[in-house]
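# Close look at the chain arrangement
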Amino acid sequence: MPVTKLHTGFNIEVEFTISAFHKRLLAWFIDLVVVLIYSWLVNKFVNSFKSSPFDTSLGWLDILAWIPILLYFLIAEVTMNGQTPGKRIMRIKVITATGGQPTLSQYLIRWLFRSVDFPLMVFFSLIYSIWPWYLFPLLFTGLISFILTPLSQRIGDLLAGTIVIDTNTESAWQHTVFTEVEDNYQAVFPGVMKLSDRDMNTIKQVLLYTRKRPGDPVLERVAYKIKMALKIETDLSAENFLQTLLKDYNYLSRK
């Protein structure tokens, strides 16, 4: 599997393993099974309210029931931090091309262009001769993009600025800034609120990264840059300083 180095902030590079094609494909099949099961259950539920199979008086109920299917990938990736049930089982995840957590707009772009990367309508239209045969190459748009791009990105990824990584090789990485804070905690560096969520996410990633690579100078460099940026003087070690910043940020952001 290819490995890429991304700039995650503070001029620091961190390695990510790009997900293999077969893992993304298997994840998609798992999600497809989830959708099919939901579709079957919804169909049974809606039909139980109809007087006959040809009853169209409850069309609004059909629409409401099928909306989750249409929004399945968008809702899943937003609520599961870049994963779907299929992606979670296959241990892959969507992150930004800079190593952070995607925004809602980035998830939305990926979802909107899913129909381009996986044009199932084209497939069925060709089978039933609705569209001409020469549109057949459109079926492989996403695959071609995946093969030709250096970070194995489909069109939706390219436009959204996202990539899909393998979390199995770096299972300790957590792409959130959440850190447990005691109820009676007192903030030490209130100036930490000048940093962004992306900055804090980088700090957490660096801490996790260096736990697997003791002695890596990246920890000292990040701590030094933050001290200079926030004009902080402290005798805390680089690791304790960054951990304190994470706790301060979580505590102050909840107030």
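Structure first, text after, so check above.
What counts, and where the lines are drawn
- Residues numbered from 1 in each chain as written.
- Predicted model: local features only at pLDDT ≥ 70, side-chain atom pairs only at ≥ 80, totals over all residues.
- Heavy atoms only, no water.
- Helix = DSSP H or I, 4+ residues; strand = E, 2+ residues; numbered from the N terminus.
- Contact = heavy atoms within 4.5 Å.
- Areas by Shrake-Rupley, 256 points an atom, 1.4 Å probe, with all protein chains shown as cover.
- Phe/Tyr/Trp six-rings, centres within 6.5 Å; stacked < 30°, edge-to-face > 60°.
- Buried < 20%, exposed > 50% of the residue type's maximum accessible area, 1.4 Å probe, protein only.
- Lys NZ or Arg CZ within 6 Å of the ring centre and 35° of its normal.
- Axes fitted to C-alpha atoms, helices over the stretch in contact; angles between N-to-C directions.
- Parallel < 35°, antiparallel > 145°, perpendicular 65-115°, else oblique.
- Left-handed = near helix turned anticlockwise from the far one by under 90°.
- Nonpolar A, V, L, I, M, F, W, Y, C, P; charged D, E, K, R; others polar.
- Expected span 1.5 Å × (residues − 1).
- Arc of directions from axis to C-beta.
- Salt bridge = Lys/Arg side-chain N within 4 Å of Asp/Glu carboxyl O.

### Quick notes on the overall build of the chain
Counting its regular elements, the chain contains 12 helices and four strands. For the chain, restricting intrachain contacts to residue pairs at least 6 apart in sequence, the fraction spanning at least 24 positions comes to 68%. Only carbon and sulfur atoms are counted for the fraction: they give 65% of the accessible area of the chain, which is about 14600 Å².

### Thoughts on the side chain of Glu77
Tracing the backbone shows Glu77 in helix H3 (residues 72-79). Here Glu77 is in contact with Gly82, Gln83, Thr84, Lys87, Val94, Tyr107, Arg110 and Arg114, once residues within four sequence places are set aside.

### Quick word on the side chain of Arg114
With respect to the helices and strands, the residue Arg114 is situated in helix H6 (residues 114-117). Not counting residues up to four positions away in its chain, the partners in contact with Arg114 are Trp28, Phe73, Glu77, Lys87 and Arg154.

### Some remarks on the environment of Phe45
Relative to the elements of secondary structure, Phe45 occurs in helix H1 (residues 21-47). Spatially, the C-alpha atom of Phe45 lies 9.8 Å from that of Asp62, the residues being 17 residues apart in sequence.

### Thoughts on the packing of aromatic side chains
Enumeration over the complete set of coordinates arrives at five aromatic pairs. Judged by centre distance (5.2 Å) and plane angle (65°), the rings of Trp28 and Phe29 are edge-to-face. Relative to Phe241, the ring of Phe189 has its centre 5.4 Å away and its plane inclined at 75°; by these criteria the two rings are edge-to-face. In this pair, Phe189 sits in the loop between strand E4 (162-166) and helix H10 (197-211) while Phe241 sits in helix H12 (residues 238-253), placing the two residues 52 residues apart along the sequence. The exposure class assigned to Phe241 is buried, which follows from its relative accessible area of 0%. For the cation-ring pair, Arg114 lies above Phe73, with the distance from its terminal atom to the ring centre recorded as 3.9 Å. Its guanidinium or amino end placed over the ring of Phe241, Lys227 lies 5.3 Å from that ring's centre, counting from NZ or CZ.

### Looking at the packing of H10 against helix H11 (residues 218-230)
As a packed pair, H10 and H11 sit with axes 9 Å apart at the nearest point and diverge in direction by 155°. Taken together, the axis directions place H10 and H11 in an arrangement best described as roughly antiparallel. Remark: the crossing between H10 and H11 carries left-handed chirality. Here Ile203, Val206, Leu207, Tyr209 and Thr210 of H10 lie close against H11, whose contacting residues are Val218, Leu219, Val222 and Ile226. Split by residue class, the contact of H10 with H11 holds eight nonpolar, one polar and no charged.

### Some words on H12
Across its 16 residues, H12 extends 22 Å between first and last C-alpha, which sits within 8% of the 22 Å expected from 1.5 Å per residue. Turning to H12, its buried residues are Ala238, Phe241, Leu242, Thr244, Leu245, Leu246, Asp248, Tyr249, Asn250, Tyr251 and Leu252. Residues of H12 that are buried make contact with H10 and H11.

### Section: helix H5 (residues 104-112)
Among all positions in H5, only Gln106, Tyr107 and Arg110 are buried. For H5, the angular spread of the buried residues around the axis is 100°, confining them to a single face. If you follow the buried residues of H5, they end up packed against H1, H3, strand E3 (92-96), H6, helix H9 (155-160) and E4.

### What about the pattern of salt bridges?
Counted by the stated rule, this structure contains six salt bridges. Among the ionic pairs, Asp166 bridges to Lys23, the shortest N-O distance being 3.0 Å. With Asp166 in strand E4 and Lys23 in helix H1, this residue pair connects regions lying 143 residues apart in the sequence. Like Asp166, the residue Lys23 is buried in the burial classification. As a salt-bridge pair, Lys87 and Glu77 come within 3.1 Å of each other at their nearest N and O atoms. Of the two residues, Lys87 sits in helix H4 (residues 85-90) while Glu77 sits in helix H3, which places them 10 residues apart along the sequence. Like Lys87, the residue Glu77 is buried in the burial classification. Each of the salt bridges in this network shares a partner with another, and the network as a whole consists of Arg24, Glu77, Lys87, Arg110, Arg114 and Asp157.

Function cannot be read off these values alone, since they describe shape.
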